[in-house]
Amino acid sequence: SPPTGTSQPSTAGFGHDIWEIDPTELELFEELGRGQFGSVKRGKWRKNKSVAVKMMQQGMMNEDDFIDEAKTMKMLQHENLVQLYGVCSKQRPIYIVIEYMKHGSLLNYLKRQRGVILKKPNKLLDMCLQVCRAMKYLESQSFIHRDLAARNCLVGDNLVVKVGDFGLARYVLDDEYTSSSGTKFPIKWAPPEVLGYTRFSSKSDVWAFGVLMWEIFTGGDMPYGKIKNQEVVEQVVHHGKRLEKPQACPGEVYDIMMVCWEKDERNRPGFAVLENKLANLSDDDY
Ligand SMILES: CNC(=O)Nc1cc(-c2cccc(-n3cnc4cc(C(C)(C)C)ccc4c3=O)c2C)cn(C)c1=O
């Protein structure tokens, strides 16, 4: 046995929990951008797996709660969800290791491709369907996204669209983002019951999905243009104002957006119903 008094080197310390990733198996490359939590870099895991690595700036996120939740999030698997591969939680900053999406955020993709895709309504409809399928899956797992928007979706190979950062909103420590009166709160994607009582549900995700559909059919415009957040609350909640039909949007598609924006969440369809409505439209070429 080792001489007394020497401190035994602790084991590598990598918990053998399935969601713990050994950071020595990661190679990091260029920065992809900065998110709510800090820098995100492109990387390789075990030499052959392309990943994106979110490096959690200290103090931006409730790390312990997130690490605990990571186990649940890792179990959420769907072809239209950005896959969480694991975390490096035995270090600071902690790393979140996720599937790499070649074309970046859907919002930037829409803006870049605006001239081309606005001429292809069935392509736009297909993007809505992909997001709807991911949301139908989250709804079936009773998992609420809380910040569904084109900026939080990503585009990969063959123009697959995936929903990212689901549920992470719960761990943001920045009050400007979490408080519905904060400057970073996504007011323009929030329904009356969230603006009034912060009552999140899959039906508040449905409202946000309607706004996301509008973003897709406008090629990435800002909802309500330059109108200030508080003015949007007044118009939408108290005067029943809604986003107008985008030029590239067929009437039947706009009808689906409008039902997502029913004031009473009980009158909004769930994602399973929305998927049927969208799938029926995509069958009829128009
Ligand atoms: C060119 N390819 C790429 O750039 N690919 C990719 C870019 C990003 C990326 C890069 C920078 C910032 C962010 N980002 C954006 N918004 C966020 C919002 C939140 C909430 C909590 C506010 C919802 C949390 C984290 C983020 C976040 O990390 C992402 C997703 C992530 N992934 C997986 C890619 O494949």
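This structure is a prediction, so every number in the text was calculated from the model and none was measured.

Trainee: Explanation requested: the layout of surface pockets in the structure shown.
Mentor: Here the idea is plain: a probe the size of a water molecule rolls over the atoms and shows the empty space left. When its volume is computed, the largest pocket comes out at roughly 1100 Å³. What lines the largest pocket is a set of 48 residues, and nearest its centre among them are Arg34, Gly35, Arg151, Asn152 and Asp165. Broken down by secondary-structure element, the contributors of at least two residues to the lining of the largest pocket are strand 1 (26–35), strand 2 (38–45), strand 3 (49–55), strand 5 (95–99) and helix 2 (106–117). Across the lining of the largest pocket, the residue classes break down as 21 nonpolar, 14 polar and 13 charged.

Trainee: Any chance you could explain the site of the ligand here in plain terms?
Mentor: In the vicinity of the ligand lie 23 residues, with Lys54, Glu99, Met101, Lys102 and Gly104 positioned nearest. Here an oxygen atom of the ligand and a side-chain polar atom of Lys54 are 2.5 Å apart. Lys102 is positioned such that a nitrogen or oxygen atom in its backbone is 3.3 Å from a nitrogen atom of the ligand. If the ligand stood free it would expose 720 Å²; the protein chains cover 86% of that surface. The site holding the ligand turns out to be the largest pocket. Looking at the shell around the ligand, the elements with two or more residues in it are strand 1, strand 3 and strand 5. Examining the composition of the shell around the ligand, we find that four residues originate from one element, strand 1, more than from any other.

Trainee: What's the story with the sheet that holds strand 5 in this structure? I'm lost.
Mentor: Consider a sheet: its strands pair through backbone hydrogen bonds, and that pairing is either parallel or antiparallel. Here five strands make up an open sheet; going across it, the order is 1-2-3-5-4 and the pairing antiparallel. Because the sheet does not close on itself, it has two edges, and the strands there are strand 1 and strand 4 (84–88). Between one strand and the next, the sheet's axes are offset by a mean angle of 25 degrees, whatever the strand orientation. Sheet analysis places strand 4 next to strand 5, joined by four bridges and oriented antiparallel. Pairing of Leu84 across the sheet is with Ile98, part of strand 5. Here helix 1 (residues 63–75) sits on the sheet in contact with strand 4 and strand 5, set at roughly 155 degrees to strand 4.

Trainee: Sorry if this is basic, but what is going on with the side chain of Lys74 here?
Mentor: Relative to the helices and strands, Lys74 resides in helix 1. Buried charge Lys74 goes without a salt bridge, the closest partner of opposite sign being Glu20 at 11 Å. Apart from residues no more than four positions distant in its own chain, Lys74 is found in contact with Ile18, Trp19, Gln83, Leu84 and Tyr85.

Trainee: Whenever I open this one, unusual backbone geometry confuses me. Can you help?
Mentor: Looking along the chain, the bond that leaves Arg92 and enters Pro93 is cis, with omega of -5 degrees. One can find Pro93 in the loop between strand 4 and strand 5. Unlike most non-glycine residues, Ser142 shows phi in positive territory, near 55 degrees. Locating Ser142 in the fold gives a position in the loop between helix 3 (121–140) and strand 6 (153–155). The phi angle at Leu159 is positive, at roughly 55 degrees, despite the residue not being glycine. With respect to the helices and strands, the residue Leu159 is situated in the loop between strand 6 and strand 7 (161–163).

Trainee: I tried to follow the pattern of salt bridges on my own but got confused; where do I start?
Mentor: If charged atoms from side chains of opposite charge come close, those side chains can pair. Enumeration according to the criterion identifies 18 salt bridges in this entry. Two residues, Arg34 and Glu31, come together in a salt bridge whose shortest N-O distance is 3.4 Å. Arg151 is paired through a salt bridge with Asp147; the nearest N and O atoms lie 2.9 Å apart. Among the residues examined, Arg151 registers a relative accessible area of 31% and is labelled partly exposed. Here Asp147 falls in the buried class, since its relative accessible area comes to 9%. One continuous salt-bridge network, built from bridges that share partners, spans Arg133, Lys136 and Glu275.

Trainee: So what exactly am I meant to see when it comes to the nonpolar core here?
Mentor: If you look at soluble globular proteins, the nonpolar side chains tend to sit buried side by side. Core analysis: the largest hydrophobic core is formed by 82 residues, its most contacted members being Phe66, Leu106 and Phe209. With eleven residues, helix 3 is the single largest residue contributor to this core. When near neighbours in sequence (up to four residues on either side) are disregarded, Phe66 contacts Met61, Met73, Val87, Ile94, Ile96, Leu168 and Tyr171.

What counts and what doesn't
- Residues numbered from 1 in each chain as written.
- Predicted model: local features only at pLDDT ≥ 70, side-chain atom pairs only at ≥ 80, totals over all residues.
- Heavy atoms only, no water.
- 1 Å grid on protein atoms, 1.4 Å probe; cavity = no way out; pocket = protein on both sides within 12 Å on 5 of 7 lines; lining within 4 Å.
- Points joined across faces, edges and corners; volume = space filled by probe spheres on them.
- Helix = DSSP H or I, 4+ residues; strand = E, 2+ residues; numbered from the N terminus.
- Nonpolar A, V, L, I, M, F, W, Y, C, P; charged D, E, K, R; others polar.
- Near = heavy atom within 4 Å.
- Polar contact = N/O pair within 3.5 Å; in protein donor to acceptor, adjacent residues only side chain to side chain.
- Areas by Shrake-Rupley, 256 points an atom, 1.4 Å probe, with all protein chains shown as cover.
- Sits in = over half its atoms within 2 Å of the grid points.
- Pairing = 2+ DSSP bridges.
- Axes fitted to C-alpha atoms, helices over the stretch in contact; angles between N-to-C directions.
- Contact = heavy atoms within 4.5 Å.
- Buried < 20%, exposed > 50% of the residue type's maximum accessible area, 1.4 Å probe, protein only.
- Lys, Arg positive; Asp, Glu negative; His and termini not counted.
- Salt bridge = Lys/Arg side-chain N within 4 Å of Asp/Glu carboxyl O.
- Core = buried A, V, L, I, M, F, W, Y, C linked by side-chain atoms within 4.5 Å.

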